[in-house]
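Below, each chain spelled out in residue letters.
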Amino acid sequence: MATDTVQSPAAERQVATDAARDRIAGISAAAYRIRHHALNMGEVQGQGYVGQALVAADMLATVYGDQLRFKAEDPHWEARDRFLLSTGHYAIGHYAALAEAGIVPVEELETYGSDDSRLPMSGMSTYTPGMEISGGSLGHGLTIAVGMALGLRYQGSASRVFNFLSDGELDEGSTWEAAMGAHHHQLGNLTAMVDINALQADGKTDTVLRTEPVTEKWESFGWYTQRVDGNDVAALLEAFDNAAAQAAAVGRPSVILCDTKVGRGVPLLENREKAHFMRIEEHEWQSCREQLTAGYEGKASA
């Protein structure tokens, strides 16, 4: 007579540990591929917002690879979760994530920024499958996300809304109006992630307009607030899991504040003086890819 096998507590812990390790490894591998795609796309133009793509790769890999509910073959699936890229100039990273998710063919990435491409340099929802909004004028994304989250709740949908924004957008009054509105309407189906890379087009964030203490500000607006290393996959997974546990039709909106470094994963670009919009010499692209691969393989084997 067959009997059920009962695992010891130690064995159960080991299974959980192995599952967590595999989960982190899978997201880390996706983030590496997103960075690699972004470098390849950047080389097509010889310049662009490559640093932002590198910095956002871990966040994008975590959302698309672990959190977001979607159908690659049907980007307009009604029951999908919505991912809104408020920072339209981060589109190069978003396209790489869409390719990793199977929504955009990988081979199409080489058309980035070209005439008649579906992948323009700034995100356009009318062109690109999986791109929910057109970005560009910073500070609008969270406002749209609030309206979308509220509309989904009125429709009785269980879908969640994820909004990616930057620390530069915290300079915009509309961002804080939206934050206040999300709390007022108790949008528990809304999660925002803020890339805090401390750099804007006009210089360092703390010299353009000081926004700290950021954590206390979001908490005072009534949001469930977490601050993590935005380039640490394990920390990101824990933060998104915590946000998911909070998610509800009615409840507190969540925000994950992600401290990051522009150009992350490629030392040659991490230390560029003018890193907001990078011009990369023709001979440097292969060095960038080699540094990216060496760093990833070094971590994977550690």
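Residues numbered from 1 in each chain as written. Predicted model: local features only at pLDDT ≥ 70, side-chain atom pairs only at ≥ 80, totals over all residues. Heavy atoms only, no water.

1. Structural notes on the nonpolar core
Core analysis: the largest hydrophobic core is formed by 59 residues, its most contacted members being Leu 39, Val 50, Tyr 64, Phe 83, Tyr 95, Phe 164 and Leu 269. Listing elements by their share of this core, those giving two or more residues are helix 1 (9–45), helix 2 (50–67), strand 2 (82–85), helix 3 (91–100), strand 3 (161–166), helix 8 (233–246), strand 8 (254–259) and helix 10 (285–301). Ranked by the residues each element gives to this core, the list is headed by helix 2, at 11 residues. One finds Ala 178, Val 214, Val 255 and Leu 257 within the second-largest nonpolar core, a separate group that totals 25 residues. (Core = buried A, V, L, I, M, F, W, Y, C linked by side-chain atoms within 4.5 Å. Buried < 20%, exposed > 50% of the residue type's maximum accessible area, 1.4 Å probe, protein only. Helix = DSSP H or I, 4+ residues; strand = E, 2+ residues; numbered from the N terminus.)

2. Some words on the pattern of salt bridges
For side chains of opposite charge, pairing can occur when their charged atoms come near one another. Summed over all chains, the structure comprises 10 salt bridges. The salt bridge partner of Arg 118 is Glu 108, with a shortest N-O separation of 2.7 Å. Of this pair, Arg 118 sits in the loop between helix 3 and helix 4 (141–154) while Glu 108 sits in the loop between helix 3 and helix 4; the two residues are 10 residues apart in sequence, bridging distant segments of the chain. Here Arg 118 falls in the partly exposed class, since its relative accessible area comes to 35%. Residue Glu 108 is classed as buried on the basis of its relative accessible area of 14%. Notably, a salt bridge pairs Arg 227 with Glu 212, separated by 2.9 Å at the nearest N-O pair. Remark: Glu 212 occurs in the loop between helix 6 (205–208) and helix 7 (214–220) and Arg 227 occurs in strand 7 (residues 224–229); sequence separation between them is 15 residues. (Salt bridge = Lys/Arg side-chain N within 4 Å of Asp/Glu carboxyl O.)

3. What about empty space enclosed by the protein?
Taken as a whole, this structure holds one cavity of 30 Å³ or more when the rule is applied. Here the largest cavity defines a volume of roughly 110 Å³. Taken together, Tyr 64, Leu 68, Phe 70, Lys 71, Asp 74, Pro 75, Arg 80, Asp 81, Phe 83, Ile 103, Gly 130 and Glu 132 make up the lining of the largest cavity. In terms of residue class, the lining of the largest cavity is built from six nonpolar, one polar and five charged. (1 Å grid on protein atoms, 1.4 Å probe; cavity = no way out; pocket = protein on both sides within 12 Å on 5 of 7 lines; lining within 4 Å. Points joined across faces, edges and corners; volume = space filled by probe spheres on them. Nonpolar A, V, L, I, M, F, W, Y, C, P; charged D, E, K, R; others polar.)

4. Brief notes about the environment of Lys 261
One can find Lys 261 in the loop between strand 8 and helix 9 (267–270). Residues Lys 261 and Val 55, 206 residues apart in the sequence, show an inter-C-alpha distance of 6.0 Å. Residues contacting Lys 261, with those up to four places away along its chain left out, are Val 55, Asn 231, Glu 270 and Asn 271. (Contact = heavy atoms within 4.5 Å.)

5. So, the side chain of Thr 215
Assignment of secondary structure puts Thr 215 in helix 7. When its relative accessible area of 17% is taken as the criterion, Thr 215 is described as buried.

6. Remarks on the layout of surface pockets
To find the voids left in a structure, one rolls a probe of water-molecule size over its atoms. Each pocket or cavity is described by its volume, and for the largest pocket that value is around 450 Å³. As for the largest pocket, its lining consists of 21 residues, of which Ser 28, Asp 58, Gly 295, Tyr 296 and Lys 299 are closest to the centre. Taken together, the elements giving at least two residues each to the lining of the largest pocket come down to helix 1, helix 8 and helix 10. Per element, the largest residue contribution to the lining of the largest pocket is seven residues, and it comes from helix 1. Taken together, the residues of the lining of the largest pocket sort by class into 11 nonpolar, four polar and six charged. Each pocket or cavity is described by its volume, and for the second largest pocket that value is around 210 Å³.

7. Overview of the packing of helix 4 against helix 5 (residues 173–184)
Viewed as axis vectors pointing N to C, helix 4 and helix 5 meet at an angle of 20°, and their least axial separation amounts to 8 Å. Taken together, the axes of helix 4 and helix 5 are roughly parallel relative to one another. By crossing handedness, the relation of helix 4 to helix 5 is classed as left-handed. Facing Leu 142, Thr 143 and Val 146 of helix 4, the residues of helix 5 in contact are Ser 174, Thr 175, Ala 178, Ala 179 and Ala 182. When the residues that make up the contact of helix 4 with helix 5 are grouped by side-chain class, the tally is five nonpolar, three polar and no charged. (Axes fitted to C-alpha atoms, helices over the stretch in contact; angles between N-to-C directions. Parallel < 35°, antiparallel > 145°, perpendicular 65-115°, else oblique. Left-handed = near helix turned anticlockwise from the far one by under 90°.)

8. Considering the pairing of strand 3
Most of strand 3 is tucked away, with six of its six residues classed as buried. Alternating positions in strand 3 separate into two faces, Val 161, Asn 163 and Leu 165 on one and Phe 162, Phe 164 and Ser 166 on the other, with burial throughout. Chirality of the crossover, the property in question, places the unit of strand 3, helix 5 and strand 4 (residues 190–196) among those that are right-handed. (Right-handed = clockwise from strand over helix to strand, strands pointing away.)

9. A short note on the environment of Gln 186
Mapped onto the elements of the fold, Gln 186 is located in the loop between helix 5 and strand 4. In sequence terms Gln 186 and Pro 253 are 67 residues apart; their C-alpha atoms lie 6.6 Å from each other. At a separation of 2.7 Å, a polar atom in the side chain of Gln 186 contacts the main-chain carbonyl oxygen of His 183. (Polar contact = N/O pair within 3.5 Å; in protein donor to acceptor, adjacent residues only side chain to side chain.)

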